[in-house]
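# Structural description and commentary
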Amino acid sequence: SGHDPKGAEVWISVEPRHRRKGTASRLLGLITDQAEELGRSLLRMQTTDRCPAGALFMQRLGARIISESHTNRLLPGSVDRDLLHGWMRLPEDHSIGIEIQEWQGEVPEEYLLDLCALFQEVYDAEPVIEGIERGHCTFTPEKLREGERQSRENGRLALALGAYSRTSARLI
């Protein structure tokens, strides 16, 4: 969705039976050389608690954790629908001034620029971490559409909800 001209996303996976034999180190060496040739000064890698060896590998190299995320799994059949619907009820006078918009698949054209602006605002508001160079990331409709295309090709279904402010006439 965004574009960081100084950064590169790196994915290294090694089967457990082949770990601790230098495979990941060699791969990372090649990736580092290629990134430098392409003018990339920051490599971003994700590790997971499901594979503690990856985090230890990155730690030994001197990588710093810049953010943590969680992948949550929610089975629609287990959702307390009454609780959810209670949260979704708006006051009768709609004094909070928002409308819930929903879509499946591509972002509707009328919300595309708003969504790019929202993503940009969220990205720009992230704190700068000392010692970590932060590249510039720009969210554009073209990049958002490219991300949607890649998701479709990978068989992922996008379900989205957005809060639209009637006051500011944009997604918030």
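Since the structure is predicted, the reported quantities are computational estimates derived from the model, not experimental observations.

Attention now moves to the overall build of the protein chain. A tally of helices and strands in the protein chain yields five helices and five strands. Looking at the protein chain as a whole, 20% of its 172 residues qualify as buried. Sequence-distant contacts, at least 24 apart, represent 73% of the contacts inside the protein chain between residues at least 6 apart. Carbon and sulfur atoms provide 54% of the accessible area of the protein chain, an area that totals close to 13500 Å².

The next subject is the environment of Ser168. Turning to its location among the elements, Ser168 is positioned in the loop between β4 (159-165) and β5 (170-171). Here the alpha-carbon distance between Ser168 and Gly97, two residues 71 residues apart in the chain, equals 9.4 Å.

Two elements in contact, helix α4 (residues 109-125) and helix α5 (residues 141-153), have axes separated by 9 Å at closest approach and are oriented at 100°. The orientation of α4 relative to α5 falls into the category roughly perpendicular. Facing Glu109, Leu112, Leu113, Leu115, Cys116 and Phe119 of α4, the residues of α5 in contact are Pro141, Leu144 and Arg145. Partitioned by chemical class, the residues of the contact of α4 with α5 number seven nonpolar, no polar and two charged.

Summarising the sheet, strand β1 (residues 7-10) and strand β2 (residues 42-45) pair through four bridges and their orientation is parallel. Bridged to Val10 within β2 is Met45. Following the backbone out of β1, through helix α1 (residues 23-37) and into the adjacent parallel β2, one traces a crossover that is right-handed.

Below, the discussion takes up the sheet that holds β5. Taken in spatial order, the three strands line up as β3-β4-β5 in an open sheet, and their pairing is antiparallel. At either margin of the open sheet sits one strand with a lone partner, and together these are β3 (98-104) and β5.

Of note in this structure, Arg20 is not a glycine but carries a positive phi near 65°. Among the structural elements, Arg20 can be located in the loop between β1 and α1. We classify Arg20 as exposed; its relative accessible area is 74%. You will see that Ala169, though not glycine, has its phi angle at about 55°, which is positive.

Bringing a nonpolar patch on the surface into the picture now. On the surface, a nonpolar cluster with roughly 440 Å² of combined accessible area is contributed by Leu83, Leu84, Trp87 and Met88. Considering the arrangement of structural elements, one finds Leu84 in helix α3 (residues 81-88). Using a relative accessible area of 31% as the deciding quantity, one classes Leu84 as partly exposed.

Moving on: the pattern of salt bridges. In total, this model carries seven salt bridges according to the counting rule given. Between Arg145 and Glu109 there is a salt bridge, with the nearest N and O atoms lying 3.0 Å from each other. With Arg145 in helix α5 and Glu109 in helix α4, the pair connects residues that are 36 residues apart, well separated along the chain. By relative accessible area, which is 58% here, Glu109 ends up exposed.

Grouped together as the largest cluster of nonpolar side chains are 13 residues, with contacts concentrated most on Trp103, Val107, Tyr111, Leu115, Phe139, Leu144 and Leu171. The dominant element in this core, judged by the number of residues it contributes, is α4, at six residues. The residues touching Leu115, leaving out its near neighbours within four places in the chain, are Trp103, Val107, Leu144 and Leu171. In this structure, Val14, Ala24, Leu28 and Phe57 belong to the second largest nonpolar core, which totals five residues.

Turning our eyes to something else, we now look at the side chain of Gln101. Here Gln101 shows up in strand β3. Reaching out from Gln101, the side chain makes a polar contact with the side chain of Tyr111 at a distance of 2.9 Å. Ignoring sequence-local partners within four residues, the contact set of Gln101 consists of Tyr111, Ala160, Leu161, Gly162 and Tyr164.

How each quantity is defined
- Residues numbered from 1 in each chain as written.
- Predicted model: local features only at pLDDT ≥ 70, side-chain atom pairs only at ≥ 80, totals over all residues.
- Heavy atoms only, no water.
- Helix = DSSP H or I, 4+ residues; strand = E, 2+ residues; numbered from the N terminus.
- Buried < 20%, exposed > 50% of the residue type's maximum accessible area, 1.4 Å probe, protein only.
- Contact = heavy atoms within 4.5 Å.
- Areas by Shrake-Rupley, 256 points an atom, 1.4 Å probe, with all protein chains shown as cover.
- Axes fitted to C-alpha atoms, helices over the stretch in contact; angles between N-to-C directions.
- Parallel < 35°, antiparallel > 145°, perpendicular 65-115°, else oblique.
- Nonpolar A, V, L, I, M, F, W, Y, C, P; charged D, E, K, R; others polar.
- Pairing = 2+ DSSP bridges.
- Right-handed = clockwise from strand over helix to strand, strands pointing away.
- Patch = residues over 30% accessible without salt bridge, like charges linked within 9 Å, V, L, I, M, F, W, Y side chains within 5 Å.
- Salt bridge = Lys/Arg side-chain N within 4 Å of Asp/Glu carboxyl O.
- Core = buried A, V, L, I, M, F, W, Y, C linked by side-chain atoms within 4.5 Å.
- Polar contact = N/O pair within 3.5 Å; in protein donor to acceptor, adjacent residues only side chain to side chain.

Bear in mind that shape data such as this cannot, by itself, settle questions of function.
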